[in-house]
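Read off the chains here:
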Amino acid sequence: YLAMELVPGVSMRHWLDAAPRPWREVLRHGLDVARAVAAVHRIGLVHRDIKPDNIIVGDDGRARLVDFGLARAPRGDGSSTPKPEDSGASGPVRSRLGVVVTHTHTFAGTPAYMAPEARLGESSGPAADQYSLCVALAEALYGARPAGAVQAADLLKVPAKTAVPTALRRILSRGLAQHPRDRFADVAELADALDRVEGRRRRLLGAGALGLGLVAAAGIGAAGSGAWVGASAATDPCAEARTA
């Protein structure tokens, strides 16, 4: 038998459907998943089916990447695309989560989240996972998958009014580049970029709190100074010393 961690929680899709989610929460979970994908790549695997249905948002506030049923180790050319002899199935199949996936002799995954090279049955490796992750994050942040995610051109259309920072949009746009060479060097680099957005937010919050503290301290100092001036005007603090 196989013993696995029990993670109370819901899929990211259900989590997103349950209530409006601030972009900061989505970013935090996206960073969890990006680090998980980077770890998967470090041990030599490609997930090949990253999407909101395969991400669990745990009750403990952490997000986890699950469902490695299509995961493969890249071949010598860096591709995870299976050879014909690697698969005996073809046509649409339904995963354990009830989501239709496509599994043929040339590619496997969920078309709406697949990288262009994977959809064309060309060599696809870790860069394809990066693309799928960015599709999932863009959908979570903006409420819709990037325009053209199933076509040849990949365009990240952002709503006219959004609180999502421009820096985050630029990161996702790079991860959604048509050609793998134009994306981040790896998902670890993507995670670092996401972390810098999160880190900048923490620094700004910290600077704001520090500014409020300095203003409060200045007010207290001014009040104390006024009290001291008032006391010095009433009495001479050196009088007793001169008398002695």
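Structure shown above.
Residues numbered from 1 in each chain as written. Predicted model: local features only at pLDDT ≥ 70, side-chain atom pairs only at ≥ 80, totals over all residues. Heavy atoms only, no water.

Time to look at the overall build of the chain. Per the secondary structure count, the chain includes 7 helices and 6 strands. The N-to-C order of helical and strand elements in the chain reads β-α-α-β-β-β-β-β-α-α-α-α-α. Considering only contacts in the chain between residues 6 or more positions apart, those separated by 24 or more positions represent 59%. Accessible surface, the chain: about 13,600 Å² in total, of which carbon and sulfur atoms supply 59%. (Helix = DSSP H or I, 4+ residues; strand = E, 2+ residues; numbered from the N terminus. Contact = heavy atoms within 4.5 Å. Areas by Shrake-Rupley, 256 points an atom, 1.4 Å probe, with all protein chains shown as cover.)

All right, on to the nonpolar core then. Among the nonpolar cores identified, the biggest contains 42 residues, and L133, L141, L172, L190 and L194 are the most heavily contacted of them. Elements represented by at least two residues in this core include exactly α1 (12–18), α2 (23–42), β2 (55–58), β3 (63–65), α4 (126–142), α5 (166–175) and α6 (187–234). For this core, the leading source of residues is α4, giving 11 residues. (Core = buried A, V, L, I, M, F, W, Y, C linked by side-chain atoms within 4.5 Å. Buried < 20%, exposed > 50% of the residue type's maximum accessible area, 1.4 Å probe, protein only.)

In this section: the packing of aromatic side chains. Within the structure shown, the criterion is met by 0 aromatic pairs. Positioned above the aromatic ring of F184 is the side chain of R174, whose terminal nitrogen or guanidinium carbon lies 4.2 Å from the ring centre. (Phe/Tyr/Trp six-rings, centres within 6.5 Å; stacked < 30°, edge-to-face > 60°. Lys NZ or Arg CZ within 6 Å of the ring centre and 35° of its normal.)

Bringing the pattern of salt bridges into the picture now. Where charged atoms from two side chains of opposite charge approach closely, those side chains can pair. Scanning all chains against the criterion turns up 9 salt bridges. A salt bridge links D53 to R13, with the shortest nitrogen-to-oxygen separation between them at 2.9 Å. Within this pair, whereas D53 is found in the loop between α2 and β2, its partner R13 is found in helix α1, the two being separated by 40 residues in sequence. Given a relative accessible area of 13%, D53 falls into the buried group. The partly exposed category is assigned to R13, whose relative accessible area is 24%. For the salt bridge of K51 with D49, the shortest nitrogen-to-oxygen distance reads 3.5 Å. On the basis of relative accessibility, which here comes to 7%, the residue D49 falls in the buried class. (Salt bridge = Lys/Arg side-chain N within 4 Å of Asp/Glu carboxyl O.)

So, on to unusual backbone geometry. Excluding glycine, most residues fall at negative phi; most peptide bonds, likewise, are trans. Backbone geometry places R48, a non-glycine residue, at a positive phi of 75°. Looking at the secondary structure, you find R48 in the loop between α2 and β2. If you check the backbone angles, D67 has positive phi at about 60° while not being a glycine. Along the polypeptide, D67 turns up in the loop between β3 and β4 (92–94).

Attention now moves to the packing of α2 against α4. Running from N to C, α2 and α4 cross one another at 170°; their axes reach a closest spacing of 10 Å. Classified by the interaxial angle, the pair formed by α2 and α4 is roughly antiparallel. In terms of crossing hand, the pair formed by α2 and α4 is right-handed. Touching W23, V26, G30, V33, A34, V37 and H41 of α2 are P126, D129, L133, L137, A140 and L141, all from α4. (Axes fitted to C-alpha atoms, helices over the stretch in contact; angles between N-to-C directions. Parallel < 35°, antiparallel > 145°, perpendicular 65-115°, else oblique. Left-handed = near helix turned anticlockwise from the far one by under 90°.)

Strand order across the open sheet formed by 3 strands is β1-β2-β3, with antiparallel pairing between neighbours. The open sheet has two edge strands, β1 (9–11) and β3, and neither has a second partner. Direction aside, the axes of adjacent strands within the sheet are offset by 25° on average. Two strands pair when backbone bridges link them, and β2 and β3 are joined in this way by 3 bridges, in the antiparallel orientation. For I55, the partnering residue across the bridge sits in β3 and is L65. Set on the sheet, α2 makes contact with β2 and β3; between it and β3 the angle comes to about 30°. (Pairing = 2+ DSSP bridges.)

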